[in-house]
4 protein chains.
Amino acid sequence: MKAISLIDKKTLGLITYQYSPLLPEDGVEIDIVLSGICGTDLAVLAGREEGLPGIIRGHEAVGVVVNVGNAVTGLQPGMRVVIDPNEYCGRCAACRAGRTHLCTGGHNGGLDIVGVNKHGMFVERFITRMPFVYPLPDAMSWETAVLIEPVACILNNIDHAEIQAGERVLVLGSGPMSLVAQLLLRVMGVKTLATDLNPNRIQFGRSLGLDVLHADELRSRLQQTPVDVVIDTVGNQLDVAMSTVRRGGRVVLFGFDGNYTYTLPVKYVLVNAIRLIGAGEYNQHFPRALQMASMIPALGELVTHRYTLDECAEAFDHLLNDPCSNIIKCVFTPNAKYL
Amino acid sequence: MKAISLIDKKTLGLITYQYSPLLPEDGVEIDIVLSGICGTDLAVLAGREEGLPGIIRGHEAVGVVVNVGNAVTGLQPGMRVVIDPNEYCGRCAACRAGRTHLCTGGHNGGLDIVGVNKHGMFVERFITRMPFVYPLPDAMSWETAVLIEPVACILNNIDHAEIQAGERVLVLGSGPMSLVAQLLLRVMGVKTLATDLNPNRIQFGRSLGLDVLHADELRSRLQQTPVDVVIDTVGNQLDVAMSTVRRGGRVVLFGFDGNYTYTLPVKYVLVNAIRLIGAGEYNQHFPRALQMASMIPALGELVTHRYTLDECAEAFDHLLNDPCSNIIKCVFTPNAKYL
Amino acid sequence: MKAISLIDKKTLGLITYQYSPLLPEDGVEIDIVLSGICGTDLAVLAGREEGLPGIIRGHEAVGVVVNVGNAVTGLQPGMRVVIDPNEYCGRCAACRAGRTHLCTGGHNGGLDIVGVNKHGMFVERFITRMPFVYPLPDAMSWETAVLIEPVACILNNIDHAEIQAGERVLVLGSGPMSLVAQLLLRVMGVKTLATDLNPNRIQFGRSLGLDVLHADELRSRLQQTPVDVVIDTVGNQLDVAMSTVRRGGRVVLFGFDGNYTYTLPVKYVLVNAIRLIGAGEYNQHFPRALQMASMIPALGELVTHRYTLDECAEAFDHLLNDPCSNIIKCVFTPNAKYL
Amino acid sequence: MKAISLIDKKTLGLITYQYSPLLPEDGVEIDIVLSGICGTDLAVLAGREEGLPGIIRGHEAVGVVVNVGNAVTGLQPGMRVVIDPNEYCGRCAACRAGRTHLCTGGHNGGLDIVGVNKHGMFVERFITRMPFVYPLPDAMSWETAVLIEPVACILNNIDHAEIQAGERVLVLGSGPMSLVAQLLLRVMGVKTLATDLNPNRIQFGRSLGLDVLHADELRSRLQQTPVDVVIDTVGNQLDVAMSTVRRGGRVVLFGFDGNYTYTLPVKYVLVNAIRLIGAGEYNQHFPRALQMASMIPALGELVTHRYTLDECAEAFDHLLNDPCSNIIKCVFTPNAKYL
């Protein structure tokens, strides 16, 4: 079968491999329909983050069940499903204390994440276990569903930052994750404002009715009224964050940029009662993410580009080298027949 | 009357002034019995923090009511009381939203704090308003009571860091505020471990039954078992904090050191789900602080030295220049007759 | 001036009285523009709740500032404002602990509530104090603004019940407060379902895009899928609530009915981890309520009927005796010139 | 092997059975050392609660590992352990949302609880799975350890009631669970007061330094100062609870009594902002319970009586028919050789 693997540290390429459909008792075999390319995949390609060579990438995917193990309940062939890539063990100390995101029971002594530290979902067919598979509501499009994993990720950050309805949140950067955050926050009764430098992204956000500005316009818009929360999705905007967050506010470290250094203004932070939030992986947020995604039909519009697995070179080239284009979320379509 | 005022930017000295006992309707006139010297007072003297020249300092005090305004209820002459120095206005947007610590209604557009930005309690007699005065339980010693304000401060940080019973907290530094934190956390069912470099302080903490180590012993003691929360009371120990806090843990920025720079390890923070907490001033924590102080008789033992107002030069000299001595908390006794 | 007062225990009638415009230092004098009739006003008239004879009722109002005291900042004549009727004292133990709704500093040893235990806002002109007055955004209609107090009330219940985005809430009854709750929950990303018996109310709710059913249809709609939270706005529906709430869910006691008795199924409650919530008065929710109301333009549509103070007999007659009509929220217009 | 089984609906008796040591991959085989008798076991015997005939009871136990399956890590023969009886499935919707106490994946469509709905730990040897086994600290006595499960249960109720340090909690009844609650709350900085009618129990509580009163003395002790939280461990004291809890307080429904009926004072509850809490089974509280138990050496003193499995008739007779004796917690010792 075909898959897209991290061939060497900086190359994601098409491979074919011998598929062994060995299904555990609680296993679920799935034809992948859409498999989203995440910023972390690109960060690996760009050398900003390290990836494990030999690993099939892909951790955001939806598909159709083709087979289930004997012990599986609630799932059957033909069902449309979304897959949680974060395979917490359920047995380590962290999992048993309800902190599955801090799982230490995986292959490397941490959390097993498909597409990151074990084989993932840039493939035609995938086998996982029942706890990580969720049926999709009939009314949910494939495009919306493929964004459930990003929604879980954002929900986790929202929870950590204790963002509540009525607050005003500034999202720095308007890439795919920022747009997911903005759409999600909007449906939760939170007022968002976002920035970007790329006119296409600003335009795209606005086409969804979102309030997106050029970064240069931020000061004049805020007019010295600070915001409750700032989410830095760019990874190098903490100075902007710190100068726009209100006293008692929260700054969420979401993106990161390896070349960035930021000197923490310790006194400013403590005098002004600011919290800096690193939220890590999501923790049992998948069910809620599925629920929330069903309330945000616009999510599906973020999927602007589709590629077959064979077209992977083209896909990554587009994503990495054509920043001025209107590409937002790009997905692979390993089994176009279901679309 | 006598008082200790910030004569110029770096000198706290005895002054005498004309006392005008003008009592507002809800005013309370108090003979100050103990008035604690805080690390921030010393920071001003040492030039590490800025103070307002001309201001009478002193924001931790207890005393005896001598007179009350017509509208005052629940307080009467002769009562032993503790005074909350954080005089929130109760009318600004922040106060009305339950965030009195972010009050913008004070003289400088912020929170009025007696002893910091308006005349404070290094005095013989003090006038404040009823909302800021709390009667003391009969069983509480003056020495314990004078530490209620520091307890409020620590409680606020504990709340922000969401520390819960059963967790393990590392407190970096074992000065007065750290000792208050350790005693408070202990009575809340939290396991503490603290460090210092000063053998006298280590010894003092141990004499209270606290687990205090020399900083050099920390690694071997922790043996790679990280802690749930680190509170840096020193202000320049964030590298230690970050290397000892567990994934999903919290680092509380409590002390600060003007000469310290710390480069925030953004990726480490977000991958490991760490929160950095600046808690600011306490927010309506005074009633709970009084309650908690009544459960910690050992608090009073922190008061190791007493000085009259006339002895202020000696007091500050001792605090600033004799770090090896066994001084912990030093208080003024403006009205020794009540002791 | 004219006002509507509780003449005897069961009669609300027009009175005229001598208005003494004595403005305290922090006083604000306001021409009332809209003053909403609340279910509690009707409950008094119907003898279901006790009222204080002689009291001018009215606790939901908006108006225009006509005069301010010397110490008032941020408010000036001509400003459109909303008034918080819950005049907490800010000085009692409860207030100082951040529980202003449990204030014991009022005239009767509890919370002073204008229109309930002190003179209220069914009047032409009203004097209150600065902390209880909030300017309205230009874009907010009078009709939306007059519902800010009910929004605060509902927010308090939502907070107590810890309702979060993505949950499903059943609201029993679809009167004015239920509709406020449904509109508010909807904008917070919560899925609502409501019932009523009155076809006009069902129809009205549906006209706002809300999911309102006849109570008889509830079972078939739920199809044994319990909800996360039930809010009983009727006051006698706890059996329905208990049979429709999920394990681990919450039941909010919102309405009450003096003739209702409910035997608590103690074992059922504890085995199924159910919480029954009484939320009391709101606590410093007014600023957030103002914020949220600005996000719900549909709120204003709930104001279906307007009466002058002179028409009060007609207004109460309509509300009490014409339940089949399409009346939802009824307001007095003491100063029509501002409309 | 020997075990104690619910022979018919009201008889717990000794049985012998064929033990089949079939160890799953993640199985752990344990010699039970102490196995506590819980109030629910007695409730079944007394006909106050229903039990499943044929089930071996016993859900509070500690023991020594004798064998582990191939996939087990972190556990090995000889280790002293405590067993979590609540075997959540980890795969159902509730478990995946972090609500393991609401698990629907068990044999009866709910949570599998050993000793309640599947064979339990009144046995010589027991097999469970790795996620439900926790090694004991060396310093912890068997007697303290056998109370970890009750501690988890109480912690869950404390969490639901949001009890915080410095609050005052009234515990109605002073049986074993109440004593666990009092000891636990005390170490968390909470002030407790408890009642009972039985002089032996009052005396026993006092011998632990706890503040236990005869129920008749409650009113005079409280002197109209209501408490923050009331926990009814008796199950028929809600009228006392409601009349002693403060406004804004919480009443925890902990015990239950089948013959008790309580008419909920709906208006009183909502006007006074009272919450009634049913907490259900604990949810991933076991790790914290182990942690907390290690801080409460006095816990072990609650174990006042020990019986061999052969002495079960005597044990139950003592517990059920000798209420005036000083029996508190009674345990079976299926393998005395380890003691």
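Residues numbered from 1 in each chain as written. Chains lettered and ligands numbered in written order. Predicted model: local features only at pLDDT ≥ 70, side-chain atom pairs only at ≥ 80, totals over all residues. Heavy atoms only, no water.

- Where an unreviewed UniProt entry is consulted, chain A appears under the name 2-desacetyl-2-hydroxyethyl bacteriochlorophyllide A dehydrogenase, with the organism given as Kosakonia oryzendophytica.
- According to UniProt, the comment filed for chain A under the heading Sequence similarities (unreviewed entry) is "Belongs to the zinc-containing alcohol dehydrogenase family."
- Quoted verbatim from the Cofactor (unreviewed entry) field of UniProt, the annotation for chain A is "Zn(2+)". (UniProt positions renumbered as here; feature names shortened; annotations may be inferred.)

A closer look at the relation of the copies chain A and chain B
- In the superposition of chain A on chain B (RMSD 0.0 Å, axial shift 0.0 Å), the rotation amounts to 180 degrees. Both chain copies can therefore be described as sitting about a two-fold axis. Every residue of chain A has its C-alpha some distance from the rotation axis, and the shortest such distance is that of A:Thr263, at 2.2 Å. (Least-squares fit on C-alpha atoms with pLDDT ≥ 70 in both.)

Notes on the relation of the copies chain D and chain A
- You can overlay chain D on chain A at an RMSD of 0.0 Å; the transform is a turn of 180 degrees with a shift of 0.0 Å along its axis.
- Taken as a fraction of all interface residues of chain D, those also at the interface in chain A reach 100%, which identifies the copy contact as same-surface. (Contact = heavy atoms within 4.5 Å.)

Focus on the sheet that holds strand 12 (residues 212-214) of chain B
- Read across the sheet, 12 strands follow the order 12(A)-11(A)-10(A)-13(A)-14(A)-15(A)-15(B)-14(B)-13(B)-10(B)-11(B)-12(B) without closing on themselves; strand pairing throughout is mixed. The sheet is open, and its two borders are formed by strand 12 (212-214) of chain A together with strand 12 of chain B, each paired with just one other strand. The mean angle between the axes of side-by-side strands here comes to 20 degrees, regardless of whether they run parallel or antiparallel.
- Bridge count between strand 13 (residues 227-232) of chain B and strand 14 (residues 245-253) of chain B: five bridges; the pairing is parallel. Bridge pairing links B:Val227 to B:Val245 in strand 14 of chain B. (Pairing = 2+ DSSP bridges. Helix = DSSP H or I, 4+ residues; strand = E, 2+ residues; numbered from the N terminus. Axes fitted to C-alpha atoms, helices over the stretch in contact; angles between N-to-C directions.)

Focus on the packing of helix 4 (residues 148-160) of chain B against helix 10 (residues 286-293) of chain B
Residue and element names in this part refer to chain B.
- The contact between helix 4 and helix 10 brings their axes to 8 Å, and the two run at 110 degrees. Of the possible angle classes, the one that applies to helix 4 and helix 10 is roughly perpendicular. Within the contact between the two elements, helix 4 uses Ile-148, Glu-149, Val-151, Ala-152, Leu-155 and Asp-159 and helix 10 uses Phe-286, Arg-288, Ala-289, Leu-290, Met-292 and Ala-293. (Parallel < 35°, antiparallel > 145°, perpendicular 65-115°, else oblique.)

With respect to the interface of chain D and chain A
- Between chain D and chain A, the contact holds 16 residues from the first and 16 residues from the second.
- Buried area between chain D and chain A, summed over both chains or domains, comes out near 1,300 Å², and the portion from carbon and sulfur atoms is 49%.
- In terms of surface lost to chain A, no three residues of chain D exceed D:Arg91, D:Arg96 and D:Gln284, which account for 52% of the buried area on that side.
- At the junction of chain D with chain A, the criterion picks out zero salt bridges.
- Taken together, the connections running from chain D to chain A amount to seven residue pairs in polar contact (both at pLDDT 80 or more).
- For the side of chain D that touches chain A, the elements supplying multiple residues, two or more each, are helix 2 (93-96) and strand 9 (133-135) of chain D.
- Of the residues in the side of chain D that touches chain A, the class split is 10 nonpolar, three polar and three charged. (Buried area = accessible area lost by both parts, 1.4 Å probe. Salt bridge = Lys/Arg side-chain N within 4 Å of Asp/Glu carboxyl O. Polar contact = N/O pair within 3.5 Å; in protein donor to acceptor, adjacent residues only side chain to side chain. Nonpolar A, V, L, I, M, F, W, Y, C, P; charged D, E, K, R; others polar.)

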